[in-house]
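Fold and geometry: a report
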Amino acid sequence: MPKIVFLPHSTLCPEGAVVDATEGESILDVALRNGIEIEHACEMSCACTTCHCVVREGFDSLEESSELEDDMLDKAWGLEPESRLSCQAKVTDEDLVVEIPKYSINHAREH
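This section reports on the structure supplied with the text. (Residues numbered from 1 in each chain as written. Predicted model: local features only at pLDDT ≥ 70, side-chain atom pairs only at ≥ 80, totals over all residues. Heavy atoms only, no water.)

Okay, the side chain of Ser 83 next. Tracing the backbone through its elements, the reader meets Ser 83 in strand 4 (residues 83-85). Given the relative accessible area of 5%, Ser 83 is considered buried. A polar contact is formed between the side chain of Ser 83 and the side chain of His 52, at a distance of 2.8 Å. One polar contact links the side chain of Ser 83 to the main-chain amide nitrogen of Glu 80, over a distance of 2.8 Å. If sequence neighbours within four positions are ignored, Ser 83 has contacts with His 52, Cys 53, Val 54, Phe 59, Leu 73 and Gly 78. (Helix = DSSP H or I, 4+ residues; strand = E, 2+ residues; numbered from the N terminus. Buried < 20%, exposed > 50% of the residue type's maximum accessible area, 1.4 Å probe, protein only. Polar contact = N/O pair within 3.5 Å; in protein donor to acceptor, adjacent residues only side chain to side chain. Contact = heavy atoms within 4.5 Å.)

Of note in the backbone geometry, Glu 43 takes a positive phi value of approximately 60 degrees without being a glycine. Positionally, Glu 43 belongs in the loop between helix 1 (27-33) and strand 3 (52-57). One non-glycine residue, Cys 46, lies in the positive phi region at around 60 degrees. Using a relative accessible area of 5% as the deciding quantity, one classes Cys 46 as buried.

Quick look at the nonpolar core now. Residues Ile 4, Phe 6, Ile 27, Ile 36, Ile 38 and Leu 96 are the most contacted members of the largest nonpolar core, which totals 27 residues. Taken together, the elements giving at least two residues each to this core come down to strand 1 (3-6), strand 2 (17-20), helix 1, strand 3, helix 2 (67-73) and strand 5 (96-99). Among the elements that make up this core, the one with the highest residue count is helix 1 (4 residues). In this view, Ile 4 contacts Ala 17, Val 18, Val 19, Ala 21, Ile 27, Val 30, Val 91, Leu 96 and Val 98; residues no more than four positions away in its chain are not counted. (Core = buried A, V, L, I, M, F, W, Y, C linked by side-chain atoms within 4.5 Å.)

A few words on the state of the cysteines. For the structure on display, the rule yields 0 disulfides. Its sulfur unpaired, Cys 42 is 3.7 Å from the next cysteine sulfur, which belongs to Cys 48. Not part of a disulfide, Cys 87 finds its nearest cysteine sulfur in Cys 51, a span of 3.7 Å. (Disulfide = S-S within 2.5 Å.)

Here you go:
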């Protein structure tokens, strides 16, 4: 069973977290199931960028992003080469290390 390591985030998971995932599950679904409340303003329909995350390890194990996801990511704050929308990135059989950005296009998170 693959694991996702969520790096510490001052608001959502200050200590970080290591959680079990199921193949085919989105990073967002895994986070929400484990009490990590990543924003998802469009209800996981790939219509916003509030669930933007950066996959620090295991990025190459994910399926390639769709053209729609790429278009949405172009609007994300702090876009990096390993950025994905967590509602669209599906877990495979490889462990992931995920960073949730401090800011989203919706609002700035304060300490």
